[in-house]
Each structure stands twice: as C-alpha cells, then as structure tokens.
Amino acid sequence: MYILEEKIYFWLLCLIPVLIVLFIGLSYWRYRAQKKYTTKQMLDHLIPDRSWFKPILKLVTVCVGIVFLVLALVNLKAGEKTETVNREGVDIVFAVDVSKSMLAEDIAPNRLEKSQRLVTEIINNLASDRIGLIAYAGSAVPQLPITTDYGSAKMFLQSLNTELISSQGTAINEAIQLAESYYSDDTEAAKILVIISDGEDHEGESVAVAEAAAEKGIRIITIGVGTEKGTTIPIKRNGIVREFKKDRDGKTVITKLNAETLKEISEAGNGVYIDGTVTATVIEQLKEELAGIDKVAFESQQYADFESQFQWFLGFGLFFLFLDVFYLEKKTVWLKKLNLFNE
C-alpha cells in the first residue's frame, strides 16, 4: 500500500515536453545555420569528434532526473505491513456539496473550504468509526468507500473542487441514493449520512428520498454552510475576481443558505440539522448525536508503519543531473578507437 502525499507536484512533469520542444527547436536552428555556412564534408573536417547521439543522451538524462525529483516532491509513502485492529463504532458517510454556489464567500474563506475544514475536524474527533466520502452537484460521484483509513479520507477531501462534476445543480437526492450503496448489508453497524451543503436543492425530491433511506435504517444529519442573507458567486482567474456568476438572463446570481430544506431532509431522515457557522458547535452537536447511537464491534485491516520514500527518488534525481555534467557533446574516445562502424 502506498500514498502519494503531494500530487500537485506532478504538474512539474510538464517541464519535460517543454525541454524536448526546446531541444528540437535548437537542433533544427543549429542544422540550418551549419548548412547555410558550410558543407557536411567541411563540417566533418572542422569538428571531427562531434556526436549526434550525445546531445540526445544528455536530454534523456536530464528528463529522467526531473522525473525522479518530481517523485521526491510528491513524497510517496509506503505501508510496510498490515495489522488487524479491533474497533467499535458506526459507519459514517460524508456527502459534500461541490456545486458552484459553494464558491460563495459569505462564510470565510468560502463555503466549500469551510465544508472541507468541518469534515476534517469531525474526522479528527472520531475514535474508531468507519467513514466514506461522496461529492455531489448536479449528480453524485463516489470518492472514497467505507474505510478506517482517515489519512486517505483527508487526502480525497482536500482534492474536492467545483470542477469535479460537470453537471451543475444540487441533487441532494442523488447523494442520498448513492450513500445507500455504501453501507454493507452484512454489518449491524449504525448507518449515518452527513450532508454538508448550502441547501439549494434543485431536484426537489430529497425529502421523499430521505424518508425512503430512513426506512432502510439510514440516519441523515445535515449541516448548513452559508448565510440566509446570501451573496454573489465570484468567478476567479489566478486568484483574482474577474466577474460574478450570472443566470441566463444576464442577472447576477445571489445564492442563499436554504436551511429549511436541510431541516426537512434531516427530519425525514430521523436526524438533526446543524448550523455549520461555528466549527466547535458542529463538533459538539455531532458528538451528542453520535453518543446516543449504539456502537458495533468489528475487525478491520489497515496498513501500518507508513514511511516516506522520497530520499530514494531524490538520490536518483541528483545522480542523473550530476551525471549529465560529465557528458560532452563529442564522441567518446574509447568507443571511437573501437571503430565499430568501420569508419
């Protein structure tokens, strides 16, 4: 088992195609210049030891070095062994709203980042419960199945963004239906679904779906993120607000927290509604809700002794970059003496 801790650094691999394009361009320019001022026979006489292979070898060496350095920055962590852990808890699935309205900044820094922080703090305060993760907007998509690996859950949580789902809207009903498939029929553990949203339900069937889920033993807790006063939805480029989201008529969209819808869903799902403004309050209310639920003992397999492996990649990366320094753009003397091609 392994974990890639900082996946964002994979973008640095884009340097490789840039280097290849620059190398091809420079080689072509050099070829045109040489052809313009001299002939091939004269060039062989002036530079008898020039090598066409060495520049390519230098490029490959640099590219390989960059790959290893990027892998070092990503910081791969490997689990050395698995161990069986006896736990006692419930199954909790978090459904996080990633629609465009979650970019509204009526709650700092914005609704989506506030939701991510809330779920992270909730996970930090859990003891031995199993957790899962769903993202939804106009549709719902699974992110992480039921697991005891809190570290992986936090990684998937931080990767959530409003570009994750192409279909826009807020289909809470689809998130509930997807959550139903997360829970195993073989377990007696309590089934908890925590929905974090601004409550702008565009489908309108969520209450009925929540009632159906409650009949299957799923308790639904909703957490409202945003303000009832509402605000605009900024559209940023390079971190700067360029404009605000508009509707089809060209009017600026004002998005508001719809707490009533979230309350109706939680009531239909035999749960509670929690105001997500103050993180500490959310944690306390959720703890009180979970305290009244019977815990079930279960065994789980988890990887232990995760260790960073970046030093190996860093070593190989520096080796290849250091090796490039010793490559000269001319034929190797001892290979030239072998006269392999009978020149």
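Quick notes on the rules
- Residues numbered from 1 in each chain as written.
- Predicted model: local features only at pLDDT ≥ 70, side-chain atom pairs only at ≥ 80, totals over all residues.
- Heavy atoms only, no water.
- Phe/Tyr/Trp six-rings, centres within 6.5 Å; stacked < 30°, edge-to-face > 60°.
- Helix = DSSP H or I, 4+ residues; strand = E, 2+ residues; numbered from the N terminus.
- 1 Å grid on protein atoms, 1.4 Å probe; cavity = no way out; pocket = protein on both sides within 12 Å on 5 of 7 lines; lining within 4 Å.
- Points joined across faces, edges and corners; volume = space filled by probe spheres on them.
- Nonpolar A, V, L, I, M, F, W, Y, C, P; charged D, E, K, R; others polar.
- Core = buried A, V, L, I, M, F, W, Y, C linked by side-chain atoms within 4.5 Å.
- Buried < 20%, exposed > 50% of the residue type's maximum accessible area, 1.4 Å probe, protein only.
- Contact = heavy atoms within 4.5 Å.

Moving on to the packing of aromatic side chains. In the structure shown here, the tally under the stated rule is four aromatic pairs. Ring centres of F68 and F320 lie 5.8 Å apart, and the angle between their planes is 5°; this geometry places the pair in the stacked category. Pair noted here: F68 is in helix α3 (residues 53-74) and F320 is in helix α10 (residues 310-325), with a separation of 252 residues, a long-range link. Among the aromatic side chains, those forming a connected cluster through ring pairs are F68, F313, F316, F319 and F320.

A separate point is empty space enclosed by the protein. Scanning the model with the defined rule gives one cavity of 30 Å³ or more in all. In this structure, the largest cavity occupies an estimated 40 Å³ of space. Lining the largest cavity, in full, are F94, V119, I123, I131, G132, L133, L144, A153 and L157. The set of elements that each furnish at least two residues to the lining of the largest cavity consists of α4 (111-124), β4 (130-136) and α5 (150-158). Considering each element in turn, the lining of the largest cavity owes the most residues, three residues, to β4. Of the residues contributing to the lining of the largest cavity, the split by class is eight nonpolar, one polar and no charged.

Counting 36 residues, the largest nonpolar core has I92 and F94 as the members making the most contacts within it. Where this core is concerned, the elements lending two or more residues are β3 (91-97), α4, β4, α5, β6 (191-197), β7 (218-224) and α9 (279-291). With five residues, the top contributor of residues to this core is α4. Beyond its immediate chain neighbours, meaning those up to four positions away, F94 contacts V119, I122, I123, I131, G132, L133, I134, V194 and I196. Core analysis: the second largest hydrophobic core is formed by 25 residues, I172, A213, L257 and L262 among them.

Positionally, I134 belongs in strand β4. On the basis of relative accessibility, which here comes to 0%, the residue I134 falls in the buried class. Distance from I134 to A179, taken between C-alpha atoms, is 7.5 Å for residues 45 residues apart in sequence. Ignoring any residue separated from it by four or fewer positions in sequence, one finds I134 in contact with V93, F94, A95, V96, A140, V141, Q143, A175, L178, A179 and Y182.

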